[in-house]
Amino acid sequence: MSHQIIHPQGWKPAKGYANGVLTRGGTLYVGGQIGWTADQIFEAHDFIGQMRQALQNIRAVVEAAGGTPADITRLTWYVTDKKEYLAHQAEVGTAYRDVLGRHFPAMTMVVVSELVEDAARVEIEATAEITQQA
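This structure is a prediction, so every number in the text was calculated from the model and none was measured. (Residues numbered from 1 in each chain as written. Predicted model: local features only at pLDDT ≥ 70, side-chain atom pairs only at ≥ 80, totals over all residues. Heavy atoms only, no water.)

Participant: Would you take a moment to explain helix α3 (residues 89–100) for this structure?
Facilitator: One full turn of an α-helix is made of 3.6 residues, so residues set three or four places apart face in the same direction. The terminal C-alpha atoms of α3, which comprises 12 residues, lie 16 Å apart, in line with the 16 Å expected from a rise of 1.5 Å per residue. Taken as a whole, α3 has its buried residues at V92, G93, A95, Y96, V99 and L100. Looking at the packing, one finds that the buried side of α3 touches α1 (47–64), β4 (72–79), α2 (82–87) and β5 (106–111). G101 sits one or two residues past α3 and shows a positive phi near 75 degrees. (Helix = DSSP H or I, 4+ residues; strand = E, 2+ residues; numbered from the N terminus. Expected span 1.5 Å × (residues − 1). Buried < 20%, exposed > 50% of the residue type's maximum accessible area, 1.4 Å probe, protein only. Contact = heavy atoms within 4.5 Å.)

Following this line, the structure appears as structure tokens:
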């Protein structure tokens, strides 16, 4: 197999998708992560709580591939409520730094009408360059 599927230990199985795919060249593609836990349960129902969990999920996939948050090169955010995002910029920054530190990769934000999981308020996908593979 030319690519390695990345699935953090202890996470409920992904069905019909991969949480991460690591290429032989060290590029890690992290599928869109939402604000649910490893057991696929939404513990937070607010934007900041779900955003924090989605970023923690990304970090878990990156670390399972042998990387660190500093290896993340791109984040694409999908949010369902632009006004809610803009109204909480200070909390967004605090939560982001708590999870990923002061590493700021290329980012894009897209406002969407809804996400596949009805309870989800944000979905974030990532790309990372892992120099030492798992």
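Participant: Teacher, can you tell me more about the layout of surface pockets here?
Facilitator: Over the atoms, a rolling probe the size of a water molecule traces out where space has been left empty. For the largest pocket, the calculated volume is near 310 Å³. If you go around the largest pocket, you meet 18 residues; those closest to its centre are Y17, G32, I34, W36 and E123. Considering each element in turn, the lining of the largest pocket owes the most residues, 4 residues, to strand β3 (residues 27–34). Grouping the constituent residues of the lining of the largest pocket by class yields 8 nonpolar, 7 polar and 3 charged. (1 Å grid on protein atoms, 1.4 Å probe; cavity = no way out; pocket = protein on both sides within 12 Å on 5 of 7 lines; lining within 4 Å. Points joined across faces, edges and corners; volume = space filled by probe spheres on them. Nonpolar A, V, L, I, M, F, W, Y, C, P; charged D, E, K, R; others polar.)

Participant: Looking at this model, I keep getting lost on the sheet that holds strand β1 (residues 3–6). Mind explaining?
Facilitator: Backbone hydrogen bonds hold the strands of a sheet together, and the pairing may be parallel or antiparallel. Read across the open sheet, the 6 strands follow the order β1-β2-β3-β6-β4-β5; overall the sheet is mixed. If you trace the sheet from one side to the other, it starts and ends with β1 and β5, each paired once. Across the sheet, the mean angle from the axis of one strand to that of its neighbour is 15 degrees, orientation sign disregarded. Relative to β3, α1 is tilted by about 155 degrees, and along the sheet it contacts β1, β2 (20–23), β3, β4 and β6 (122–129). (Pairing = 2+ DSSP bridges. Axes fitted to C-alpha atoms, helices over the stretch in contact; angles between N-to-C directions.)

Participant: When you look at the environment of E129 in this model, what are you seeing that I'm missing?
Facilitator: Here E129 lies in strand β6. Relative accessible area serves as the criterion here: at 37%, E129 is assigned to the partly exposed category. C-alpha separation for the pair E129 and Y85, spaced 44 residues apart in sequence, amounts to 28 Å. Separated by 2.7 Å, the side chains of E129 and T27 make a polar contact. (Polar contact = N/O pair within 3.5 Å; in protein donor to acceptor, adjacent residues only side chain to side chain.)

Participant: Which parts of the structure should I look at to understand the side chain of E84?
Facilitator: On the secondary structure map, E84 appears in helix α2. For E84, a relative accessible area of 14% translates into the label buried. Within the local environment of E84, its side chain forms a polar contact with the side chain of R121, the two groups lying 2.8 Å apart. Apart from residues no more than four positions distant in its own chain, E84 is found in contact with F47 and R121.

Participant: Mind showing me how you'd approach the nonpolar core here?
Facilitator: Grouped burial of nonpolar side chains is what soluble globular proteins tend to show. L28, M51, L55, I58, L75 and I124 are the most contacted members of the largest nonpolar core, which has 29 residues in total. Secondary structure elements with two or more residues in this core: β3, α1, β4, α3 and β6. Among the elements that make up this core, the one with the highest residue count is α1 (8 residues). Residues within four places of L28 in sequence aside, it is in contact with I6, G20, V21, L22, V61, V62, A65, A126, T127, A128 and I130. In this structure, I34, W36, F42 and A120 belong to the second largest nonpolar core, which totals 5 residues. (Core = buried A, V, L, I, M, F, W, Y, C linked by side-chain atoms within 4.5 Å.)

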